[in-house]
Amino acid sequence: MTDRPVFPPTAPPPRAVTPGLYLTATPIGNLRDMTLRALDVLAAADVVLAEDTRVTAKLLAAYGLKARLERCDDHASARAAETAVARIAAGEVVALVSDAGTPLVSDPGYVVARAVIAAGLPVHPIPGASSLLAALCLAGLPADRVLFEGFLPPRSAARKAVLEGLRPGRQTLVFFESGPRLADSLADMAEVLGDRPAAVTRELTKLYEEAVRGTLGELAVDPRCRAPKGEIVIVVGPGEAETATEADIDAALIEALTRLPPGEAAAEISKALNLPRKPLYQRALALKGRG
């Protein structure tokens, strides 16, 4: 039995890499998660804007690539933006990478992308590895409505204030967190959001990949969540829907009627409160007539 080829012999040929900014995803741990298209872009790039040039140099070396590297972290993004606009306008290819994963997702690069867009120059996403999506798939929680919050504040009072604003939502929440703050963050989540189902994912795609599942209260006291090492993504399931009172419904309709006609106001509140539209429309007409 012969070994299978590394790539299918019928793989599509590469396309030409035309001038523009390429937001290029890189592996979050497993180097084999690099896409063929990302390799094409990095090989063709006249310059690669990198969060940390040392990290990106190691990545390029792993694939036998060489490229001009320039720094693009939080302190150098304005200069990197000027570089990108000038080079692309001159007909060059500029790649933007973070240390791992997809640029602009809690990583530097937003300033560069906005500048290139404002200059009317082409921007292309090169999709690939993302700890956000990997954790969402691994958590086993609803993924039809998702809110990505990124990193919460480091101090408990500020963290609880942010969580309080997220509490009424009926969507799955995704957070990034560091190991030393993990247990405290989980405890604050349990206190503010309630004991929702959740998952703590760590070292995604790497050798010691792990997903710890349970309620927020259980995870807050789980020994595995006591200052673990590695990159951490927390996924929290949606809370249970609360039944709206008549006063809540009237208040929501009255506010909506300041902006919308009765039919549209009823439709908006029907979706927001998960209630049938017809009785809401009748109530909106009554409230409109009362006014």
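Quick look at the structure, then. (Residues numbered from 1 in each chain as written. Predicted model: local features only at pLDDT ≥ 70, side-chain atom pairs only at ≥ 80, totals over all residues. Heavy atoms only, no water.)

1. Structural notes on the sheet that holds strand β5 (residues 123–126)
Here is step 1 of the chain: Strand order in the open sheet formed by 5 strands is β3-β2-β4-β1-β5, with parallel pairing between adjacent strands. Bordering the open sheet on either side are β3 (69–71) and β5, each of which pairs with just one other strand. Strand-to-strand twist of the sheet, defined as the mean angle between neighbouring strand axes without regard to direction, takes the value 25°.
Here is step 2 of the chain: With 4 bridges joining them, strand β1 (residues 20–24) and β5 adopt parallel strand pairing. By the bridge assignment, Leu-21 is partnered in β5 with Val-123.
Here is step 3 of the chain: Each of β2 (47–50), β3 and β4 (93–97) touches helix α2 (residues 53–62); the most contacted strand, β3, lies at about 155° to it. (Pairing = 2+ DSSP bridges. Helix = DSSP H or I, 4+ residues; strand = E, 2+ residues; numbered from the N terminus. Axes fitted to C-alpha atoms, helices over the stretch in contact; angles between N-to-C directions. Contact = heavy atoms within 4.5 Å.)

2. Brief notes about the packing of helix α6 (residues 156–166) against helix α7 (residues 182–193)
Here is step 1 of the chain: Their axes nearest at 9 Å, the elements α6 and α7 cross at an angle of 40°. For the element pair α6 / α7, the angle class is oblique. Every pair of crossing elements has a handedness; the one defined by α6 and α7 is right-handed. Residue-level inspection shows Ser-156, Arg-159, Lys-160, Leu-163, Glu-164 and Leu-166 of α6 in contact with α7, the latter providing Asp-184, Ser-185, Asp-188, Met-189, Glu-191, Val-192 and Leu-193. (Parallel < 35°, antiparallel > 145°, perpendicular 65-115°, else oblique. Left-handed = near helix turned anticlockwise from the far one by under 90°.)

3. What about the sheet that holds strand β9 (residues 210–215)?
Here is step 1 of the chain: An order of β6-β7-β10-β8-β9 is seen for the 5 strands of this open sheet, with the pairing classed as mixed. Looking at which strands have only one partner, the edges of the open sheet turn out to be β6 (146–151) and β9. Within this sheet the neighbouring strands show an average axis-to-axis angle of 15°, counted without direction.
Here is step 2 of the chain: The pairing of strand β8 (residues 197–202) with β9 spans 6 bridges and is classified as antiparallel. Bridging across to β9, Thr-201 finds its partner in Ala-211.
Here is step 3 of the chain: α7 rests against β7 (172–177), β8 and β10 (232–236) of the sheet, and its axis sits at about 10° to β10.

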